Every structure is written in C-alpha cells, then in structure tokens.
Amino acid sequence: MVVCDDRLTDCQYGALPVTGATLVVGVVGVVYLPYLLYPHPVGVKNQYTVSYCLPIAGLTWHKQLCNCLRHGTRCAGEVAAQADNHVCSVGVAYNARIGGVRMLDGDVTDSVEAQSLGLRPDHIHIYSASWGPDDDGRTVDGPATLARKAFYDGITKGRGGLGSIFVWASGNGGRDGDNCNCDGYTNSIYTLSISSSTENGNVPWYSESCSSTLATTYSSGSGGEKQIVTTDLRKDCTETHTGTSASAPLAAGLIALALQANPSMTWRDMQHIVVETAKPDNLNADHWTINGVGKKVSHSFGFGLMDASAMVAMARNWTTVPPQHICEIRSLDHNRIVPQNGKIIVPLYTDGCEGTVNHVKYLEHVQARITMTSTRRGEIQIFLTSPSLTRSTLLAKRTRDTSREGFNNWAFMTTHNWGEPAKGQWALEIENGASSCEYRSAHTTRSVSSAVLYWFGWLILLYY
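Since the model is a prediction, treat every value here as computed from it, not as a measurement.

**Some points on the overall build of the protein chain**
Thinking step 1. Regarding its fold elements, the protein chain presents seven helices and 25 strands.
Thinking step 2. Of all 464 residues assigned to the protein chain, the portion counted as buried reaches 57%.
Thinking step 3. Summarising the internal contacts of the protein chain: among those between residues at least 6 apart in sequence, 76% fall at separations of at least 24.

**Observations regarding the side chain of threonine 191**
Thinking step 1. Summarising the element assignment, threonine 191 is placed in strand β8 (residues 191–197).
Thinking step 2. Side-chain polar atoms of threonine 191 contact the backbone oxygen of tyrosine 185, separated by 2.8 Å.
Thinking step 3. Of note is the side chain of threonine 191, whose polar atom sits 3.3 Å from the backbone oxygen of serine 188.
Thinking step 4. Ignoring any residue separated from it by four or fewer positions in sequence, one finds threonine 191 in contact with Phe151, Phe166, Trp168, Tyr185, Thr186 and Gln271.

**Some thoughts on the environment of proline 263**
Thinking step 1. Within the secondary structure layout, proline 263 lies in the loop between α5 (244–261) and α6 (267–277).
Thinking step 2. The class of proline 263 is exposed, set by a relative accessible area of 53%.
Thinking step 3. Taking the C-alpha atoms as reference, proline 263 lies 9.6 Å from threonine 22; in sequence the two are 241 residues apart.
Thinking step 4. Setting aside residues up to four positions removed in sequence, proline 263 forms contacts with Arg159 and Leu162.

**What about empty space enclosed by the protein?**
Thinking step 1. Overall, the coordinates contain three cavities of 30 Å³ or more when judged by the stated rule.
Thinking step 2. There is about 40 Å³ of room inside the largest cavity.
Thinking step 3. Of the residues in the lining of the largest cavity, the class split is two nonpolar, two polar and six charged.

**Re the pattern of salt bridges**
Thinking step 1. All told, the structure shown has 18 salt bridges when counted by the stated rule.
Thinking step 2. In this structure, arginine 268 and glutamate 364 form a salt bridge, with 2.9 Å as the shortest nitrogen-oxygen distance. With a gap of 96 residues between them, arginine 268 in helix α6 and glutamate 364 in the loop between β16 (342–350) and β17 (366–374) connect regions that are remote in the sequence.
Thinking step 3. Note on arginine 268: relative accessible area 6%, which makes it buried.
Thinking step 4. On the basis of relative accessible area, glutamate 364 is assigned to the buried category, the value being 1%.
Thinking step 5. One salt bridge in this structure joins arginine 398 and aspartate 401, with 2.9 Å as the shortest N-O distance.
Thinking step 6. Aspartate 401 sits in the buried class, given a relative accessible area of 1%.
Thinking step 7. Connected through salt bridges with shared partners, the residues Asp178, Arg377, Arg398 and Asp401 form a single ionic network.

**What to know about the nonpolar core**
Thinking step 1. With 66 residues, the main nonpolar core has Ile126, Ile165, Val167, Ile255, Met270, Met306 and Met311 as its most contacted residues.
Thinking step 2. Residue contributions to this core peak at nine residues, all from α5.
Thinking step 3. Contact partners of methionine 311, with chain neighbours within four places excluded, come to Leu254, Ile255, Ala258, Met270, Ile273, Val274, Thr277 and Met306.
Thinking step 4. Among the nonpolar cores identified, the runner-up in size contains 29 residues, and Ala368, Leu394, Ile430 and Leu462 belong to it.

**Quick notes on the side chain of threonine 415**
Thinking step 1. Looking at the element boundaries, threonine 415 is found in the loop between β20 (407–414) and β21 (424–432).
Thinking step 2. Here threonine 213 takes part through its backbone oxygen, which lies 3.2 Å from a polar atom of the side chain of threonine 415.
Thinking step 3. Ignoring any residue separated from it by four or fewer positions in sequence, one finds threonine 415 in contact with Ser211, Ser212, Thr213, Leu214, Phe303, Glu364 and His365.

**So, the environment of isoleucine 329**
Thinking step 1. You can see isoleucine 329 is positioned in strand β14 (residues 326–330).
Thinking step 2. A relative accessible area of 12% means that isoleucine 329 is categorised as buried.
Thinking step 3. Taking the C-alpha atoms as reference points, isoleucine 329 and cysteine 353, separated by 24 residues in sequence, lie 8.3 Å from one another.
Thinking step 4. When neighbours within four sequence positions are excluded, isoleucine 329 is seen to be in contact with Leu348, Tyr349, Thr350, Trp458, Leu459, Ile460 and Leu462.

**Description of the sheet that holds strand β18 (residues 380–385)**
Thinking step 1. The strand order across the open sheet built from four strands is β16-β21-β18-β19, with neighbouring strands paired in antiparallel fashion. Two strands bound the open sheet, and with one partner strand each, they are β16 and β19 (391–395). When the angles between neighbouring strand axes are averaged without regard to direction, this sheet yields 20 degrees.
Thinking step 2. Relative to β21, β18 runs antiparallel, the two being bridged by six bridges. Residue threonine 385 lies in a different strand from β21, and its bridge partner there is alanine 427.

**What to know about the state of the cysteines**
Thinking step 1. Enumeration over the complete set of coordinates arrives at three disulfides.
Thinking step 2. Here cysteine 180 engages in a disulfide with cysteine 210; their sulfurs sit 2.0 Å apart. Taking the torsion about the sulfur-sulfur bond, which here is approximately -105 degrees, the covalent link between cysteine 180 and cysteine 210 counts as left-handed. Taken together, the residues span a long stretch of sequence, with cysteine 180 in the loop between β7 (165–169) and β8 and cysteine 210 in the loop between β8 and β9 (215–218) at a distance of 30 residues. Each member of the pair, cysteine 180 together with cysteine 210, is buried.

Cut-off values and rules
All residue numbers refer to position in the chain's written sequence, counted from 1. Side-chain atom pairs in this predicted model are given and counted only at pLDDT of 80 or more, local residue features only at pLDDT of at least 70, and totals for whole chains, interfaces and linings cover all residues. Hydrogens and water are ignored here; the side-chain numbers use all heavy atoms of the structure. Comment: elements are numbered from the N terminus, with helices defined as DSSP H or I runs of at least four residues and strands as E runs of at least two. Buried residues are those whose accessible area, probed at 1.4 Å on protein chains only, stays under 20% of the maximum for their type, while exposed residues exceed 50% and partly exposed ones sit between those limits. The contact criterion used throughout is that any non-hydrogen atoms of two residues lie within 4.5 Å. Counted as a polar contact is a pair of N or O atoms within 3.5 Å, where, for protein atoms, one must be capable of donating a hydrogen and the other of accepting one, and residues adjacent in sequence contribute only when both atoms are in side chains. Both site types are read off a 1 Å grid over the protein atoms alone. A 1.4 Å probe that fits but cannot get out defines a cavity, while an open set with protein on both sides within 12 Å along at least five of seven lines defines a pocket; lining residues have an atom within 4 Å of a point. Grid points are joined across faces, edges and corners, and a volume is the space filled by probe spheres set on the points. Charged residues are taken to be Asp, Glu, Lys and Arg, nonpolar residues to be Ala, Val, Leu, Ile, Met, Phe, Trp, Tyr, Cys and Pro, and polar residues to be all remaining types, Gly included. What makes a salt bridge here is a side-chain nitrogen of Lys or Arg within 4 Å of a carboxyl oxygen of Asp or Glu, nothing more. We define the nonpolar core as a collection of buried residues of types Ala, Val, Leu, Ile, Met, Phe, Trp, Tyr and Cys that are connected through side-chain atoms lying within 4.5 Å of one another. Being paired, for any two strands, means DSSP has found at least two bridges between them. Each axis is a line fitted through C-alpha atoms, and for a helix only the stretch in contact is used; angles between axes span 0 to 180 degrees, taken between their N-to-C directions. Disulfides are defined as cysteine sulfur pairs within 2.5 Å.

As structure tokens, then:
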C-alpha cells in the first residue's frame, strides 16, 4: 500500500509486501507504445515490456502524438507508474509490467477484438479494458463470435489453465440513462465489471446502474471533487483522468497485488476474493440491499470498494474453489401477453440440477436469457427474484432507446445472488410501458397492433 501527501511529494511504500512484481497487465485500448517504451520521467521507467506491446490488425504508428492516444496511456500509469518518480503519481502495482495493445484507433472488428483479448495469454495475466459499445442509452451490443471465443479461451487456457483475468469498466452512460447490462462485455461472467465512486462516496453522474457490476474503485465526481492523477502524453502528468475508464485500471492493479500474493488463484478465485473483501461502508446509494447470505450489494457499486490489504491477506490463505458447474433450466411457461402499462410474473422452480454433474448448490453468477421484440425497447423493465428473495433489476427503463429490435437471446446477468442457495422458486418479472411489441422465437412470430408484448419464454443459467 502507498500513502502520499496531497502534493505527492512524500510517499511511503511497503505497508503491503506486494508490488505487482512478476505480473504483466495488458492495457487493451489506445496506448502510445513508442513513447512508453523509453525511460520516462513521469513513472514508466523500464516498466513497459516490448514483448507484449503491439498494434493489432496492421495499424501503423502515429507520426505525431494526438490526444486520441492519451486514454490507454493514462490507464497504464495508474497500474504501474514507478515508485519515487517525484513527478507524478505512483502506480497501484508499481513493479508490474505493462503490455499495451493498440486496437481502438482503427476499424474495430470482431477479429481485432479477438486478437486483442487473446494476445499472449501465456504471458499476460490481467487484461484491463476501458471501452465497449456506445454509452448512449440506446445501444445493445456485445462481443461477437470470435471475441466470445477469445474470452472463453482466456478463462480456460490463459495463465497455464488458471484463466486470464479480464477487468472491464462498467460504462459512462449514466447521464443518458444507460444500463450496463446492455453492454455484453461488462455483462459477461468472464469479466470483473468495475464501477466508480467519487471521493466522497457518492454515485458519479456518469455511472451506469446494473446488476452485473461486481465492485468499485474511486474516480472523478462532480465539481470540487478530485479526479485521478496519472501519467499523460508528452512526458506529462495529469490530474484530470475521469470516469469508469479510470476505475478499471485501479482494479487491475489491485488484482495484480493479490495475484502476486497467491499466483495459483483461478479467474473465479479472484472474483470470489473481490466479493468477499469489498467494503460497502461509506458508499452512498439509495438501493443497497442485503442478499440471502448477508452480503450487502448495490446496482451502482456492486459489493463495494475494493480493498487491497484485505484482498492480499485473503489471497495468501485462499483455497481454490471447486470446478465451475452450470445448471440450465428452461421455463415451459411461454407465449404470455404483457399488456400496455402492465406486467407479468413468471415463476420457475429448480433444484439446481441436483443429482447431476451440473449440480449448483451455491451461486456465483446468474443469467436469464431472453428474446423479445418491441416497437420501443426502452419501455421494457425486467426483474429477477431468487429463492432467497433477492430482487435484481436486470433491465431498467432507457428513455433514449427507441429501437424496434428488442433482445435476441440476450443474457442478462446478476451477481447479487452470490453465495445464495440455487434451489427453490425463482421469479421473472417483465414490465411493459407504453409501447406496442412483438415477441419472436425460432418457431413463431406474433404481431400485435395494440400496446402489448408477447414473449416466448426464458432460460436461466446458474453458475458455481
């Protein structure tokens, strides 16, 4: 742990005997690599390892520095800026090495994403990403076929089979009423979705609320609240790094510290460590709830602020969790009508696949896969209630979303049932606002002229 005065001139190191040494963090985004590969007066002295730095898809280097390159450069400094640089801030894991993957300043295709997320998984331990679909309150998008395979290959083959760690910023669409469950990257079970808190513990104006957020780190807030200090272009130092883009790299650095304490942890172990050590205290939100096993959780903050000291302490004595089980339950209740300004509640009982190799006794992630179409997608709200009566908002209204496309087998994910028993009665609740809707499945297409919604059914996936 590092403690500095307000001017960053007097820093004390070593409160934790971990510094990120031996770890490689890949910052996936826009990083000016030639600049970073040289000794750097603001904190990247010999930290950037050429072996893991490259532009994807044949992109050429910019001949001149442009502001478009500062985003990943700032994120990299948060992770591994050197100690005692006397110019700028120190990185959370200041002895970690950084690999920059430049992939956002060209055409970003499924192939480009897959190459970026699957770059050197035998050497890169943690991938930090502060990008995703447009945070405009109306987009629903996520990884396509190749990128999904890259995620799966990462968690099954990365780090010698222990699994690559994917850290993702939850998104900055709060002002536009966006919901991070409509972002298939941060909504994935394979990523640690990280949100932001202001220095005073408030929900930032840009923050997106959703049930897939796992935890939080500090970032910028409103006027008068501090922003993030980190390295910048042109050998400079900035005090104005902002948004969840700044939160995810801090989380990546904290994870590097925990992995140094126990390199044998799997990708799922790390998510357990984050959940068990996150601190909800002093975070101000009006929708904190306590789940069925006593864990406090929020749609804005997940399980709370990440705690470096607690993570390292727990990692040292951590026992690896059993192999992942996936229990799939398909509802037989389908083709229901959701009237205008009305709702339906569809129950689904499960024994958690008891008596099979897929038995899930206690929960990690829960997904509800749903297909529906609507003449105004933003009017739909979806809630999931567990047997322990924990109610997750899978989708809130998005007033800017006027799309008629609806959702096509979209996996809405919640972390709020972490540790709860899987067995019992689940309930899916769908609310339909003032819109006319159509529900499609592989077998039927039903159209309605009045403002009602048809739906075919739903599938729930329980993970442990």
